[in-house]
Each structure stands twice: as C-alpha cells, then as structure tokens.
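Notes for the structure review
The chain contents come next:
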Amino acid sequence: MRTMDAVFTRAEYMLLPEGFPAQLIEGCLVKNPSPTYGHQFFIGRIYTRLRELVGERRVVMAPCDIPLDDLNVYQPDVVVWAEAPALDVKQDDNPLPILALEVLSPSTERQDRIVKTRRLLACGVKEVWLVDPRRREVAVASIRDPREAKGDEVVHS
C-alpha cells in the first residue's frame, strides 16, 4: 500500500482522472496494489450471488466511489444499495450503500477491519462484511448485531 504525505480533500480527489486507482482514506490518497486472481475470483462470486438476491441495479463491484465526508472516499469491493441509484448519478453523488463488503487481503486487512469499517458504520452504512477467504470466515460488522460465520456456516443479513 502506498500513501502520499499531503492531505487530500474530497474535492481534490474528485479532480483525479476517472479510473484513477486510489481511495481517499483519512485525507490520504491510498493506492493499493492490483488485486490477486483469488481476490477477484471471490469478489465475482459474491457479486453474482448478491445480484441474484437483490437485482442487478442494486449491487456493484469496485471501483465505485462511496463519498463519506471531506476526507474519505472509499471503494469497497462490493456495495449494495437499498434502492438502485440513477444510472446518470455523478461519482461525487453516489448514495450511501446499506452494505459494503471487503474481501480481505494481507496488505489491506488492518485498514479494512479497523479504519474503513468504523468509518463506514459511523457514516450510516448498515453492515460491513469482511470476507476472509484464507480463514474461511465472514465477519459482519454492524452497530447493533456484529456476528461471524466460519467454514460452512451461513451468515444472514
């Protein structure tokens, strides 16, 4: 993971070219390495299943900016909205999802588990799912009902 020392704001972040591979986390422009095949494989499987459950307009895979405040614009691996956003919504106006999902990688696990999860929940996301393919675990973070599933256990939302 690489960061820049200068403090960036959401307004400055939005001036970056479309598709610029970074997130804004606590005012830092964070560029992570490209995901592995396994990481993308799990994201694809999760996205496909969620799409079957909630419909194609309510779920999307990264990169999709989720602006939280002036110093944070995240790109969770998969997001689900309560209602489908307009197709022509500007990236700075993407609504807050009800679910943000991260497939954990060794290089970003701490950032995803601690920094991003806390901020997403504090800003009003109902649940953050942390999928750990190496440990075969899913942790569901929420304000009221945090829970975990391991191995073949089913997790409910």
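Our subject is the structure that appears above.
A brief report on the enclosed structure follows. (Residues numbered from 1 in each chain as written. Predicted model: local features only at pLDDT ≥ 70, side-chain atom pairs only at ≥ 80, totals over all residues. Heavy atoms only, no water.)

This part covers helix H3 (residues 109-122). Counting along an α-helix, one turn takes 3.6 residues, and residues three or four places apart therefore face a common direction. Taking 1.5 Å of rise per residue, 14 residues should cover 20 Å, and H3 covers 19 Å from first to last C-alpha, within 8% of that figure. Of all the bends in H3, the greatest, near 35 degrees, is centred on Lys 116. Positive backbone phi, at 115 degrees, marks Gly 124, one or two positions downstream of H3. (Helix = DSSP H or I, 4+ residues; strand = E, 2+ residues; numbered from the N terminus. Expected span 1.5 Å × (residues − 1). Bend = angle between axes of the 7 residues up to and from the residue.)

Before going further, it helps to spend a moment on the pattern of salt bridges. Side chains that differ in sign of charge can pair as their charged atoms come close. Summed over all chains, the structure comprises 13 salt bridges. Between Glu 109 and Arg 134 there is a salt bridge, with the nearest N and O atoms lying 3.2 Å from each other. With Glu 109 in helix H3 and Arg 134 in the loop between strand E9 (127-132) and strand E10 (137-142), this pair connects stretches of sequence that are 25 residues apart. Classification of Glu 109 as buried rests on a relative accessible area of 14%. Take Arg 134: its relative accessible area is 48%, and that puts it in the partly exposed class. Linked by salt bridges that have partners in common, Glu 109, Arg 113, Asp 132, Arg 134 and Arg 135 make up one network. (Salt bridge = Lys/Arg side-chain N within 4 Å of Asp/Glu carboxyl O. Buried < 20%, exposed > 50% of the residue type's maximum accessible area, 1.4 Å probe, protein only.)

Right, let's talk about the nonpolar core for a bit. Counting residues in each nonpolar core, the largest one holds 17 residues, and the members touching the most others are Leu 120 and Val 128. Of all elements in the fold, only strand E5 (66-69), H3, E9 and E10 reach the threshold of two or more residues within this core. Setting aside residues no more than four positions away along its own chain, Leu 120 makes contact with Leu 68, Tyr 74, Ala 100, Val 125 and Val 128. Grouped together as the second largest cluster of nonpolar side chains are 14 residues, Leu 50, Leu 101, Val 138 and Val 140 included. (Core = buried A, V, L, I, M, F, W, Y, C linked by side-chain atoms within 4.5 Å. Contact = heavy atoms within 4.5 Å.)

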